[in-house]
Amino acid sequence: MAFPPFHFRNNALMLLDQRKLPARETWLRMKDSKKVHWAIRSMVVRGAPAIGVVAGYGLYLGISRYRGSAAGFFRKLVREGEYLKRSRPTGVNLRNVVDEIVGRVATSGKTTVEDLKRYTFREAKRIHIEDDKLCREIGRHGAGLFRSGDRVLTHCNAGGLATSGFGTALGVLYALKGRKKKFSVYVDETRPLLQGARLTAWELMKSKIPCTVLCDNAAASIMGAGKIDRVIVGADRIAANGDTANKIGTYNVAVLAAAHGIPFYIAAPSTTFDFKIKSGKQIPIENRSEKEVSEGLGRRITPKGAKIANPAFDVTPHRLITAFITEAGVLRRPFRKSFRRLKGS
Ligand code: MRU
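Cut-offs and rules
- Residues numbered from 1 in each chain as written.
- Predicted model: local features only at pLDDT ≥ 70, side-chain atom pairs only at ≥ 80, totals over all residues.
- Heavy atoms only, no water.
- Domains from an automatic or database assignment.
- Contact = heavy atoms within 4.5 Å.
- Buried area = accessible area lost by both parts, 1.4 Å probe.
- Salt bridge = Lys/Arg side-chain N within 4 Å of Asp/Glu carboxyl O.
- Polar contact = N/O pair within 3.5 Å; in protein donor to acceptor, adjacent residues only side chain to side chain.
- Helix = DSSP H or I, 4+ residues; strand = E, 2+ residues; numbered from the N terminus.
- Expected span 1.5 Å × (residues − 1).
- Buried < 20%, exposed > 50% of the residue type's maximum accessible area, 1.4 Å probe, protein only.
- Pairing = 2+ DSSP bridges.

## Digging into the domain arrangement of the protein chain
Taken as a whole, the protein chain is organised into domain 1 (6-136) and domain 2 (145-344). On a C-alpha basis, the centroid separation for the pair domain 1 and domain 2 is 25 Å. Contact with domain 1, which involves 30 residues of that partner, is made by 34 residues of domain 2. If you sort the residues of domain 1 by the area they bury against domain 2, Arg-46, Thr-90 and Leu-134 come out on top, with a joint share of 23%. In this assembly, domain 1 and domain 2 are joined by three salt bridges. The partner of Glu-286 in a salt bridge is Arg-41, and the shortest N-O contact between them spans 3.1 Å. The interface formed by domain 1 and domain 2 holds 19 residue pairs in polar contact (both at pLDDT 80 or more) in total. Contributing elements (two or more residues each) for the side of domain 1 that touches domain 2: helix H2 (48-63), helix H4 (93-106) and helix H5 (113-143). In terms of residue count, H5 provides more of the side of domain 1 that touches domain 2 than any other element does, six residues in total.

## Comments concerning H2
Its 16 residues give H2 an end-to-end C-alpha distance of 23 Å, which sits within 8% of 22 Å, the value for a rise of 1.5 Å per residue. Most of H2 sits out of view: 16 of its 16 residues are buried.

## A short note on the pairing of strand S9 (residues 244-247)
A regular strand carries its side chains on alternate faces of the sheet. Of the strand pairs in this sheet, strand S8 (residues 237-239) and S9 are connected by two bridges, and their pairing is antiparallel. Bridge pairing in S9 links Ile-238 to Thr-244. Taking the residues between adjacent antiparallel strands as the criterion, S8 and S9 are bridged by four residues, where Gly-242 takes a positive phi near 100 degrees. As paired strands, S9 and strand S14 (residues 313-316) are joined by four bridges and run antiparallel to one another.

Given below as structure tokens:
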């Protein structure tokens, strides 16, 4: 099972337009960094790891037609990287990928512009392949935590579409299915952009994993009825103490899981960790257009002039998280200590 939402071919980046799913599978062709910036901003491509990998290719497209000196090349590379970073503020993968590529190109020892361009592309490609490997490792480690018969709840989409193809939270479920375990999934619809209803349900149905879509506000009653055994979600940025930013509504689910004694797991690769920040208080939260909330089903759903808040992410405090499932294994509390394993890997 894999749902790669992008590929690079003939000097162009092809992106599956996730805004159109599940109704249509439309691919868009990107040939410059401006288009890539727009695609990230407008959520043609979304999900922290996918955004990171796509930004790597965007960086390459940003410099691929550069003609000038090597010194000028570096200035342009940095400028393009900063521009791409401004497309969405919360996920740290985007920043990590851009900084990693810029840093490695700067110390590559390459001196001609053509060599520097080739090196930039190779780095973007390496990060792409690496992301897929990390997700498969997460799946392998996470699958051991689940049992046959489990009823699992997830929020938003942390699947193939949000990564290079395998997924983090859903990657764990794909690995579980690969082990011939039987289980079922409750999918929060995930207002306002419905990544759960549109994307997660689409992936799970294509994978033949039994799933049920829920209104976000049904989670408490389903948990109260004893119908959920575990919760698993992805992440956009994890602070050094374990506080975790993920799609708005994740915090609600974590509080509910704690209240019902249900294990709450975050599945994420090391590229989603931000050890430079101490706690979730330092995570910038993206505020998106009011229209995402005031308009639904193709028409206005709030009175004209109604005040709207649309934070795209929230921060789940580390005390509500049972464990992090990473490529370095399952990390339990005390997180500051277990995170050392990840830093070392
Ligand atoms: O706004 P989105 O759709 O980019 O938000 C996505 C999420 O919050 C995901 O759960 C997160 O990026 C992890 S994806 C592996």
